[in-house]
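One-letter residues, chain by chain:
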Amino acid sequence: MLISYREALNQAMREEMRRDDRIFLIGEEVGYYQGAFKVSKGFVEEFGSQRVLDTPITEAGFTGLAIGAAMAGLHPIVELMTFNFGILALDQIVNNAAKIRYMSGGQLSVPIVIRGPGSAAHQLGAQHSQSLEAWFCHVPGLKVVAPATPHDAKGLLKSAVRDQNPVIFIEAQLLYSIKGEVQEGEYTIPIGQAELKRQGKDVTIVAYSKMLLLALEVAELLAREGIEVEVMDPRTLKPFDLATITASVKKTGRLVIVEEGWRFAGLGAQIAESVYSEAFDYLDGPIVRVTGADVPMPYSRPLEDAAIPDRDRVLAAVRRLVKGGN
Amino acid sequence: MDREDLLTLYRQMLLIRRFEERSAEMYALAKIAGFLHLYIGEEAIAVGAIAAIRADDYVISAYRDHGHCLAKGADPGQVMAELFGKATGLCKGKGGSMHLVDAKRNFMGGYAIVGGHLPLATGLAFAVNYQKRDQVVLCFFGEGALPSGQAHEAFNLAALWKLPVIFICENNRYGMGTPVQRAVALYSNVAATARSYGIEAEPVDGMDVLAVRALMRRVVKLVRSVPHPYFVEATTYRFMGHSMADPAHGHYRTKEEVEEERKRDPLVLLRQSIMNQKLGTEADFKQLEREVGEMVAAAVKFADESPFPARTALEEDVYIE
């Protein structure tokens, strides 16, 4: 069936909440407003306000509440209106959710999903346009998932809800309305598995979340020039499926990483380091990163465009690598 | 008053006192490292409050958590082993003094980011309501946490959603070295903080274990029958420094002040009360000292003789497979 990313998330949560009444949804505007981005449309009607909880605008408070509820045996899904606001809940996520299992020597666990949109949309300004996945990936105890397609979003969200660990599930505002084919019926996609999104032999592009769509567009354009791009989507950022990515790089000999986040200490730096360690001898050229600019996101349209990886920059990076390497 | 009941309360406070005195000695001998925050002087609050709840009720605390953990029934040997960083510790040596957890007794942990565990307490209480159970949650914290944003967010959510959590503010008058008058705007009436969210609040003499228990029995009954939050301000005094890193008085308070407060030692007060009522004798107290002394000595011996965690434990317990 062809459905939107938004609808895929809606179906995943709905199916899981029907299956297990320990699961509840909590966050700002998730109930009667139907979600700031309408992801929880129809939920309060189906599950009632005891399981679909509108909160005050207090991210630390309601995220901490959900973590405490998870410690006591419930399985909360926390919706952050955006991950920018999740910064207010970082103490709860980093100091509590991620560490409680370890600090307690395995006595307690925190089965929780914290989800919402990350990255930039259109001209939302510096405080609403951040790609913070690297922050979460840095913290032991968290899993981080960032699917790009409706199919992956549904299958991975269902797995995240069933996971016994805290899972950070990063969506994107610009993906919500994009449609894609989703498998009929019940399915899950395991956390921690990358997927080959397009086969090629000349160069590998690793891209996730909405940068995957950019990578696929570039691959299509380069095919006309005779450059066969292999596109790999890690889908899960932590734990990272290095084996699958490395296998692709060993085949193509070249790697371009496209990420929307800030360049310095960004996720691509870690991916590059890992691939260098595993596949250095197979590389025909340096690993290239196309990243967001190291600036707070500007409001003005041309400046914003300049701060985010775009088609031309990815095209140029791939062409340079492929031609330079020959 | 029942003699056995009073002697039991005394024994519990005495256990915490002697346990922590030995912990301080072990710290001096470098058997214990890191931060060690002693509860000495405040024992009546944990013992009185926890005496008023059921075994399946939840308790959660801040980093000064030895007293609450022991009062909830944790094995002193396992607690001492945790302080020693041993594999036999409550948390296999991974938590330490500030992060004791005894999940099977619903002691849900000590947390060391000031204010950060109050939202967790509301979550435990939320789960109780959600699952239509009838437990209550005791959440202990110092007055230093009161001005924190997370405390206020927790008060608001608890009041809004009628969560069965009893916030127990242990007001020992100092957040580390800063007196409450310089940290909390409503310092002379900290309960007003909770009342401003519509939470009922009462003060209690935190040096009087019987007063604490009596108030808590009443409050627990109310909260258990109709779930809602409650706030208790237990006034107390920390006889030792903030942690082992600083002396009992130092620059921020005088030796005279500490000596004056020590006259209201909760153990001394209860002992005098028992003696005055002729419900106990010198011999009884000697006997208790002997028993508790042996228990603490056994805890230290257990901790000392236990192995450190194996290197293979390093990466265990980060994730559940």
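Keep in mind that this is a model prediction, so the values were computed, not measured.

### So, the pairing of strand β4 (residues 165-171) of chain B
Residues and elements named next belong to chain B.
Turning to step 1, where the next piece is worked out: Of all seven residues in β4, seven are buried, a share of seventy percent or more.
Turning to step 2, where the next piece is worked out: Here β4 shows no split at all, with V165, F167, C169 and N171 on one side and I166, I168 and E170 on the other all buried.
Turning to step 3, where the next piece is worked out: Strand direction decides the pairing type here: strand β3 (residues 137-142) and β4, joined by six bridges, are parallel. Following the sheet pairing, C139 is matched in β4 by F167.
Turning to step 4, where the next piece is worked out: With respect to chirality, the unit in which β3 leads through helix α6 (residues 149-160) into the neighbouring parallel β4 is right-handed.
Turning to step 5, where the next piece is worked out: Note that β4 and strand β8 (residues 230-235) share six bridges and pair parallel.

### Concerning the domain arrangement of chain A
Residues and elements named next belong to chain A.
Turning to step 1, where the next piece is worked out: By the assigned domains, chain A splits into domain 1 (2-181) and domain 2 (195-325).
Turning to step 2, where the next piece is worked out: The C-alpha-based centres of domain 1 and domain 2 are spaced at 27 Å.
Turning to step 3, where the next piece is worked out: Every contact between the two is made by 23 residues of domain 1 and, on the other side, 23 residues of domain 2.
Turning to step 4, where the next piece is worked out: Among the secondary structure elements, those contributing two or more residues to the side of domain 1 that touches domain 2 are α7 (133-137), β6 (143-145), α8 (150-162) and β7 (167-172).
Turning to step 5, where the next piece is worked out: Counted by class, the side of domain 1 that touches domain 2 contains 15 nonpolar, five polar and three charged residues.

### A word on helix α10 (residues 242-252) of chain A
Residue and element names in this part refer to chain A.
Turning to step 1, where the next piece is worked out: Along α10, the positions that sit buried rather than exposed are I245, T246, S248, V249 and T252. Down the axis of α10, the smallest arc covering the buried residues is 160 degrees, so these residues share one side.
Turning to step 2, where the next piece is worked out: Packed against the buried residues of α10 are β10 (203-207), β11 (229-233), β13 (255-262) and α11 (267-279).
Turning to step 3, where the next piece is worked out: One or two positions beyond α10, positive phi appears at G253, with a value near 80 degrees.

### Details of the sheet that holds β10 of chain A
All names here are of chain A.
Turning to step 1, where the next piece is worked out: Overall, mixed pairing links the five strands, which are arranged β9-β11-β10-β13-β14 in an open sheet. Looking at strand neighbours, the two that pair on one side only are β9 (195-198) and β14 (288-292), the edges of this open sheet. Each adjacent strand pair in this sheet contributes to an overall mean axis angle of 25 degrees, direction not counted.
Turning to step 2, where the next piece is worked out: With four bridges connecting them, β10 and β13 associate as parallel partners. From the neighbouring strand, I205 faces β13, where its bridge partner is V256.
Turning to step 3, where the next piece is worked out: Where helix α9 (residues 210-223) meets the sheet, it contacts β9, β10, β11 and β13, and its direction lies at approximately 170 degrees from that of β11.

### A word on the interface of chain B and chain A
Turning to step 1, where the next piece is worked out: Across the contact, 30 residues belong to chain B and 32 residues belong to chain A.
Turning to step 2, where the next piece is worked out: If you list the elements that add at least two residues to the side of chain B that touches chain A, you get β2 (107-110), α5 (117-130) and α6 of chain B.
Turning to step 3, where the next piece is worked out: For the side of chain B that touches chain A, the element with the highest residue contribution is α5 of chain B, accounting for nine residues.
Turning to step 4, where the next piece is worked out: By residue class, the composition of the side of chain B that touches chain A is 17 nonpolar, nine polar and four charged.

### Points about the pairing of β10 of chain A
All names here are of chain A.
Turning to step 1, where the next piece is worked out: Counted residue by residue, β10 has five buried out of five residues, so it is predominantly covered.
Turning to step 2, where the next piece is worked out: Where burial is concerned, the two faces of β10 agree: the one with V203, I205 and A207 and the one with T204 and V206 are both buried.
Turning to step 3, where the next piece is worked out: Here β10 runs beside β11; their pairing, made up of four bridges, is parallel. Note that in β11 the partner of V203 across the bridge is V229.

### Description of α8 of chain A
Residues and elements named next belong to chain A.
Turning to step 1, where the next piece is worked out: Taking 1.5 Å per residue as the helical rise, α8 with its 13 residues ought to reach 18 Å, and the 19 Å between its terminal C-alpha atoms agrees with that figure.
Turning to step 2, where the next piece is worked out: Counting buried positions along α8 gives eleven out of 13 residues, so the element sits mostly inside the fold.
Turning to step 3, where the next piece is worked out: For α8, the complete set of buried residues consists of P150, D152, A153, K154, G155, L156, L157, K158, S159, A160 and V161.

### Some points on the sheet that holds β2 of chain B
Within a beta sheet, neighbouring strands are joined by backbone hydrogen bonds and run either parallel or antiparallel to one another.
All names here are of chain B.
Turning to step 1, where the next piece is worked out: The strand order across the open sheet built from six strands is β2-β1-β3-β4-β8-β7, with neighbouring strands paired in parallel fashion. In this open sheet, the two edge strands, each paired with only one partner strand, are β2 and β7 (200-205). Averaged over all pairs of adjacent strands, the angle between strand axes in this sheet comes to 15 degrees, irrespective of strand direction.
Turning to step 2, where the next piece is worked out: Bridging between strand β1 (residues 58-61) and β3 involves three bridges; their strand directions are parallel. Looking across to β3, one finds that I60 is bridged to C139.
Turning to step 3, where the next piece is worked out: Across the face of the sheet, helix α2 (residues 43-50) comes into contact with β1, β3, β4 and β8 while running at roughly 160 degrees to β4.

Criteria and cut-off values
Residues numbered from 1 in each chain as written. Chains lettered and ligands numbered in written order. Predicted model: local features only at pLDDT ≥ 70, side-chain atom pairs only at ≥ 80, totals over all residues. Buried ≥ 20, exposed ≤ 12 C-beta atoms within 10 Å, placed from the backbone. Helix = DSSP H or I, 4+ residues; strand = E, 2+ residues; numbered from the N terminus. Pairing = 2+ DSSP bridges. Right-handed = clockwise from strand over helix to strand, strands pointing away. Domains from an automatic or database assignment. Contact = placed C-beta atoms within 7 Å. Nonpolar A, V, L, I, M, F, W, Y, C, P; charged D, E, K, R; others polar. Arc of directions from axis to C-beta. Axes fitted to C-alpha atoms, helices over the stretch in contact; angles between N-to-C directions. Expected span 1.5 Å × (residues − 1).

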